[in-house]
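Residue-level structural notes
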Amino acid sequence: MIPDHHPLGLQAQLREQQAALTRRARRLHVGNLPPGMTIDALKELFNTTMQAAQLVIDTEPCICTVSMAADSRFAFVEFRDELIAVTALQLDKVELAGRPLNIGRPAGYMPAPGIPMPTPLPPRAAPLPPNRLASILESVATFVEALAPLIPAPADAAAANASKGGRKAAAG
């Protein structure tokens, strides 16, 4: 183990502190998820959609972690950096399984003091040609269709949750 006073130990501590400070800026709330949505499907949705729409400039996964509610109706998604999180806000109201996703900052979000928020990726100088836009939308639609069988039906999701020891929330 590297002692705390060693330069490498201090660098590791600094990185951890920096990650903790930026974590709030890298997290988004994603609500109105279709019944039975899984963590892996949500990660794949964001990664594929953001790459297909050219909202990221590389092929590295956009998502670090996903914390999903027990009923799978919403999740907190942590992106790998603040710029990607801010850019992902542009996907608010995109439809998944006929439901518009609600993508936004978590309730009570306050930017960290002294840390400027990045500006989302700028729009293209020229709009996408109609055939390119149609191609992107077709790719995303094909992906969503391929994703649908991976999302269990509500009854299947409840049974799977019960078999894992989960309990169904009381209606009301």
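For clarity, every value in this text was computed on a predicted model and none was experimentally measured. (Residues numbered from 1 in each chain as written. Predicted model: local features only at pLDDT ≥ 70, side-chain atom pairs only at ≥ 80, totals over all residues. Heavy atoms only, no water.)

**Here we look at the packing of aromatic side chains**
- Counted under the stated rule, the structure contains two aromatic pairs.
- With 5.5 Å between their ring centres and 85° between their planes, F46 and F79 make a pair best called edge-to-face. Of this pair, F46 sits in helix 2 (residues 39–52) while F79 sits in strand 3 (residues 74–79), and the two are 33 residues apart along the sequence.
- Its relative accessible area of 2% is what places F46 among the buried residues.
- With 5.9 Å between their ring centres and 85° between their planes, F74 and F76 make a pair best called edge-to-face. (Phe/Tyr/Trp six-rings, centres within 6.5 Å; stacked < 30°, edge-to-face > 60°. Helix = DSSP H or I, 4+ residues; strand = E, 2+ residues; numbered from the N terminus. Buried < 20%, exposed > 50% of the residue type's maximum accessible area, 1.4 Å probe, protein only.)

**Some details on the sheet that holds strand 6 (residues 102–104)**
- Taken in spatial order, the four strands of this open sheet run 2-3-1-6, and their pairing is antiparallel. This sheet does not close on itself; its edge strands, each paired only once, are strand 2 (63–68) and strand 6. Going from strand to strand, the sheet's axes swing by 20° on average, the running direction of each strand aside.
- Two elements, strand 1 (residues 27–31) and strand 3, share five bridges in a ladder whose sense is antiparallel. In the strand pairing of strand 3, R27 is matched with E78.
- In the packing of helix 2 onto the sheet, contacts are made with strand 1, strand 2, strand 3 and strand 6, and the angle to strand 2 comes to roughly 140°. (Pairing = 2+ DSSP bridges. Axes fitted to C-alpha atoms, helices over the stretch in contact; angles between N-to-C directions. Contact = heavy atoms within 4.5 Å.)

**A word on the nonpolar core**
- In this structure, V30, L42, F46, M50, V77 and F79 are the most contacted members of the largest nonpolar core, which totals 24 residues.
- Secondary structure elements with two or more residues in this core: strand 1, helix 2, strand 2, strand 3 and helix 3 (82–88).
- Apart from residues lying up to four places away in sequence, V30 is in contact with L42, F46, R73, F74, A75, V77, L101, N102 and I103. (Core = buried A, V, L, I, M, F, W, Y, C linked by side-chain atoms within 4.5 Å.)

**Quick look at the pattern of salt bridges**
- Inspection of every chain in the model, using the stated rule, returns four salt bridges.
- Residue R23 is joined to E78 by a salt bridge in which the shortest nitrogen-to-oxygen separation is 3.0 Å. Highlighted residues: R23 in helix 1 (residues 7–26) and E78 in strand 3, separated in sequence by 55 residues.
- The class for R23 is partly exposed, based on a relative accessible area of 37%.
- On the basis of relative accessibility, which here comes to 10%, the residue E78 falls in the buried class. (Salt bridge = Lys/Arg side-chain N within 4 Å of Asp/Glu carboxyl O.)

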